[in-house]
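Now for the letters of each chain:
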Amino acid sequence: MQQIINFLIRNKHSLLFLLLLFLSLIFTIQSHSYHRSKFVSSTNFFSGGIYDWQHSISDYFRLKEENERLLEENERLHNIISVFGVDSVTTKYVDSLSFNKPYTYTKARVIKNDYSKIDNYILINKGENDSIFPDMGIITDKGVVGIVENTTQNYGRIISILNSNSRINAGLKNSNQYGSLIWNGKDPNIVQLETVPRQAALKEGDTIITHGRSTIFPRGIKIGTILNYTLDQNKSYYLIDVKLFNDMTNIGFVYAIKNNDAIEIKNLENLD
């Protein structure tokens, strides 16, 4: 103990300098949006490499579970193909680049996933080098995960659907009624859909999907099912609890959605 005290006394000036430097950096980052943005990008870059290494190990032990998910998705895709009467053995190859695709999907791996806080974020191992940029939607084969907030060259930071700042346009699968999807910070398996007008015909078990009212998600991406619902104090809108299809505590691989017409749409929206 005496040695520690002696060390502090001998180096008091250096330690005081480091403390003041640390405090000045914190105040600078908090008070300037530019510095805060650069700090977040730098943090994503350095922490991304560490999380990537950690998850490469943990992914090895989840191979069986991931394979089962891939088999389920393949089964679903084969069922879709069978609806159109397409024979996967005899059908000729068609170049998908010959079609004007409104959306492009890019696969990425989750290397950090928060779900126990009030404002949760997800880190993925793809970034600007893979054409992933802010305001792109993130999904799995089971449903919506979140929206890209920030990117570096090789990594992306996602605002999780389990974030108090998350606002996603969503509504009933069999109706044009829609509202805003939020999270109250309680259960990671349940989110809330608000401002759905009372005229909407709904019941427990109804499917909730993205409604395509923005350039982020196309219409029809699954979210969950209605668990229960109540009217607000003015009895004008429903507040709906939605049971998520995704297990947000266990997200492995995701898809980033790029709307290829986003710039054209936004240019029209900004016309006077």
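Quantities reported herein were computed from a predicted structural model and do not represent experimental measurements. (Residues numbered from 1 in each chain as written. Predicted model: local features only at pLDDT ≥ 70, side-chain atom pairs only at ≥ 80, totals over all residues. Heavy atoms only, no water.)

Regarding the side chain of N113
Here N113 lies in strand β1 (residues 103–113). A relative accessible area of 17% means that N113 is categorised as buried. Within polar-contact distance, the side chain of N113 engages the backbone oxygen of M248 at 2.8 Å. Setting aside its immediate chain neighbours within four residues, N113 contacts Y121, I122, M248, T249, N250 and I251. (Helix = DSSP H or I, 4+ residues; strand = E, 2+ residues; numbered from the N terminus. Buried < 20%, exposed > 50% of the residue type's maximum accessible area, 1.4 Å probe, protein only. Polar contact = N/O pair within 3.5 Å; in protein donor to acceptor, adjacent residues only side chain to side chain. Contact = heavy atoms within 4.5 Å.)

With respect to the packing of aromatic side chains
Aromatic ring pairs are described here by two measures, namely the spacing of the ring centres and the angle between the planes. In this structure the tally under the stated criterion is one aromatic pair. Seen from their ring centres, Y229 and Y238 are 5.5 Å apart, and the 85° between their planes marks the pair as edge-to-face. A relative accessible area of 14% means that Y238 is categorised as buried. The lysine or arginine in question, R157, covers the ring of Y121, its NZ or CZ lying 3.7 Å from the ring centre. When the ring centre of F245 is taken as origin, the NZ or CZ atom of K222, which lies over that ring, is 5.9 Å away. (Phe/Tyr/Trp six-rings, centres within 6.5 Å; stacked < 30°, edge-to-face > 60°. Lys NZ or Arg CZ within 6 Å of the ring centre and 35° of its normal.)

Notes on the sheet that holds strand β3 (residues 137–139)
Pairing is antiparallel around the closed barrel formed by six strands, whose spatial order is β1-β2-β5-β4-β3-β12. Neighbour-to-neighbour, the strand axes of the sheet open up by a mean angle of 45°, direction not taken into account. One ladder, built from three bridges, connects β3 with strand β4 (residues 144–151); its direction is antiparallel. By the bridge assignment for β4, I139 is matched with V144. (Pairing = 2+ DSSP bridges. Axes fitted to C-alpha atoms, helices over the stretch in contact; angles between N-to-C directions.)

Things to note about the sheet that holds strand β6 (residues 168–172)
One closed barrel accounts for six strands, arranged β6-β7-β8-β11-β10-β9; its pairing is antiparallel. Each strand axis lies, on average, 40° off the axis of its neighbour in the sheet, ignoring direction.

Let's talk about the pairing of β4
The two faces of the sheet receive side chains in turn, since in a regular strand these alternate between them. Within β4, seven of the eight residues are buried, which leaves the element mostly enclosed by the surrounding structure. A loop of four residues connects β3 with β4, the two strands running antiparallel in sequence. In terms of strand pairing, β4 meets strand β5 (residues 156–163) through five bridges, oriented antiparallel. The residue bridging I147 from the neighbouring strand is I159, located in β5. The turn joining β4 and β5, which pair antiparallel and follow one another in sequence, is formed by four residues.

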